[in-house]
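# Summary of the model geometry
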Amino acid sequence: MDGAQMTQHELVIVPEGMIADMLTRKSAFDAVENVFAAMAAGDAYNFPVVREAIGHEDALYGFKGGFDRAGGVLGLKAGGYWPHNLERRGLINHQSTVFLFDPDSGRVKAMVGGNLLTALRTAAASSVSIRHLARKDARVLGMIGAGHQATFQLRAALETHGFEKVIGWNYHPEMLSNLASVAEEMDVPFEAVDLPDMIRADAIITITSSFAPTLLAEHVSPGTHIACMGTDTTGKQEVSADLLAGATVFADEVAQSVSIGEAQHAIKDGLLADTDIHQLGSVINSAHPGRISDEQITVFDGTGVGLQDLAVAASIVDAAVSSGQATVVPI
Ligand code: NAD
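From a predicted model like this one, the values you see are computed outputs, not experimental measurements. (Residues numbered from 1 in each chain as written. Predicted model: local features only at pLDDT ≥ 70, side-chain atom pairs only at ≥ 80, totals over all residues. Heavy atoms only, no water.)

In terms of strand pairing, strand 15 (residues 248–251) meets strand 17 (residues 298–301) through 4 bridges, oriented parallel. Looking at strand 17, one finds that Phe-250 is bridged to Phe-300. Bridge analysis of strand 15 against strand 16 (residues 277–279) gives 3 bridges, and the strand direction is parallel. Its bridge partner lying in strand 16, Val-249 is registered against Ile-277. (Pairing = 2+ DSSP bridges. Helix = DSSP H or I, 4+ residues; strand = E, 2+ residues; numbered from the N terminus.)

Next up, the structure:
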């Protein structure tokens, strides 16, 4: 937020309906890359996540918060999952809102719609990992998953790296047309494949709600980068534990990776230790070399952290204020 234009007595509101106009994929990418770097440098940290079944409408509700001292961003995302929204109200089932606070005074600064923001910040995370960990000559992108979030991951990945072909597999094959449409829109050929054909991919994004491993070690070539994005809860799993154990593993946040991320299974099986997992931000900061060979398999365990939401929300508020489109309410 531009301090020159905003005062301690004003609250900026950017409603959900304005997010698409205010947030570009480029600004989401930059915000996520910067905040991952700040986390690895020790300048930003996430608070413990709260997630509760509230015993009403079968909803799961919670908070993800954090403080980025370097960026001056303090706040939380509140929201969760209301499984009956679509059928009962015509609303999407995931609902969230971001609140930002002035770290100097504690005054509330902004309220930002969090639904599209979440999809774009998640897409930015796998793209940041591709930028920093995939081989520069990677040409074939493999997609596992074809639901709502998969289309965002695919579009952002195609914008980030010069992939020349997309291959896709999904548990529900009828959904693959979602991927085909995005690839066509981005002018990149798409092919639906069987799982073993993932061996042809140079980079793979997994984005499913699976509770059992889909991608196995025998499906992956040496030198591949894998962004595991679907596993964000205890029990979910997309990739076999031995595949992770044989790879160099990076995460947005190690604590989440070992508890709710893809690494939880390899850790539980004793195949990986938390000290084997590196922060992606340390590669961005050049404190870790990242990929050091064309044969190495790299994995990014993207669990989704509150600071991603806050960083992207802060960039939306900046864009809304500087373009004069923010709703400002006196407080
Ligand atoms: P969605 O319901 O639109 O799509 C679900 C996907 O999972 C589809 O491709 C579906 O075919 C597949 N699937 C369902 N059951 C499966 C099974 N048994 N085995 C294999 N695949 C199966 O959901 P979405 O919004 O696309 O979200 C996908 C996943 O990403 C969810 O697990 C969600 O929690 C997670 N997510 C993670 C982050 C993050 O920051 N890491 C952010 C948003 C969503």
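According to the domain assignment, the protein chain consists of domain 1 (10–117 + 307–330) and domain 2 (132–305). The straight-line distance from the C-alpha centre of domain 1 to that of domain 2 is 25 Å. Counting residues at the interface gives 15 residues for domain 1, matched by 19 residues for domain 2. The contact between domain 1 and domain 2 buries some 1,400 Å² in all, and 56% of this surface belongs to carbon and sulfur atoms. On the surface where domain 1 and domain 2 come into contact, there are 1 salt bridge. Ionic pairing is found between Arg-25 and Glu-159, a salt bridge with its closest N-O pair at 2.7 Å. Of all the elements in the fold, those that place two or more residues in the side of domain 1 that touches domain 2 are helix 2 (25–40) and helix 11 (306–322). A total of 7 residues in the side of domain 1 that touches domain 2 trace back to one element, the largest contributor, which is helix 2. Partitioned by chemical class, the residues of the side of domain 1 that touches domain 2 number 9 nonpolar, 2 polar and 4 charged. (Domains from an automatic or database assignment. Contact = heavy atoms within 4.5 Å. Buried area = accessible area lost by both parts, 1.4 Å probe. Salt bridge = Lys/Arg side-chain N within 4 Å of Asp/Glu carboxyl O. Nonpolar A, V, L, I, M, F, W, Y, C, P; charged D, E, K, R; others polar.)

Once that is clear, we can look at the environment of Pro-83. Structurally, Pro-83 can be placed in the loop between strand 5 (73–81) and helix 3 (85–89). Linking Pro-83 and Thr-208, residues 125 residues apart in sequence, is a C-alpha distance of 17 Å. Sequence-distant contacts of Pro-83, defined by excluding residues within four places in its chain, comprise Glu-57, Asp-58, Ala-59 and Asn-93.

As a further point, take the sheet that holds strand 17. Read across the open sheet, the 8 strands follow the order 10-9-8-11-13-17-15-16; overall the sheet is parallel. Bordering the open sheet on either side are strand 10 (190–192) and strand 16, each of which pairs with just one other strand. The mean inter-strand angle of the sheet, taken between neighbouring strand axes irrespective of direction, is 20°. Across 4 bridges, strand 8 (residues 140–144) lies against strand 11 (residues 203–206) in parallel orientation. Each bridged residue has a counterpart across the sheet, and for Leu-141 the counterpart in strand 11 is Ala-203. Against the sheet, helix 4 (residues 115–133) touches strand 11, strand 13 (225–228), strand 15 and strand 17, its axis set at about 160° to strand 13. (Axes fitted to C-alpha atoms, helices over the stretch in contact; angles between N-to-C directions.)

Right, let's get into the side chain of Thr-224. Considering the arrangement of structural elements, one finds Thr-224 in the loop between strand 12 (211–215) and strand 13. Under the relative-accessibility criterion, Thr-224 is labelled buried at 0%. At 3.3 Å, the side chain of Thr-224 and the backbone oxygen of Ala-201 are in polar contact. For Thr-224, the contacting residues outside a window of four places in its chain are Arg-135, Ala-201, Asp-202, Ala-203, Ile-204, Arg-291, Gln-296, Ile-297 and Thr-298. (Buried < 20%, exposed > 50% of the residue type's maximum accessible area, 1.4 Å probe, protein only. Polar contact = N/O pair within 3.5 Å; in protein donor to acceptor, adjacent residues only side chain to side chain.)

All right, on to the site of the ligand then. In the neighbourhood of the ligand, 22 residues make up the surrounding shell, with Arg-121, Asn-170, His-172, Asp-232 and Lys-236 lying closest. At 3.1 Å, a backbone N or O of Ser-209 approaches an oxygen atom of the ligand. In this structure, an oxygen atom belonging to the ligand sits 2.8 Å away from a side-chain N or O atom of Lys-236. Protein chains shield 79% of the accessible area of the ligand, which is 860 Å² for the free molecule. When residues of the shell around the ligand are traced back to their parent elements, those giving at least two are helix 4 and helix 5 (148–160). (Near = heavy atom within 4 Å. Areas by Shrake-Rupley, 256 points an atom, 1.4 Å probe, with all protein chains shown as cover.)

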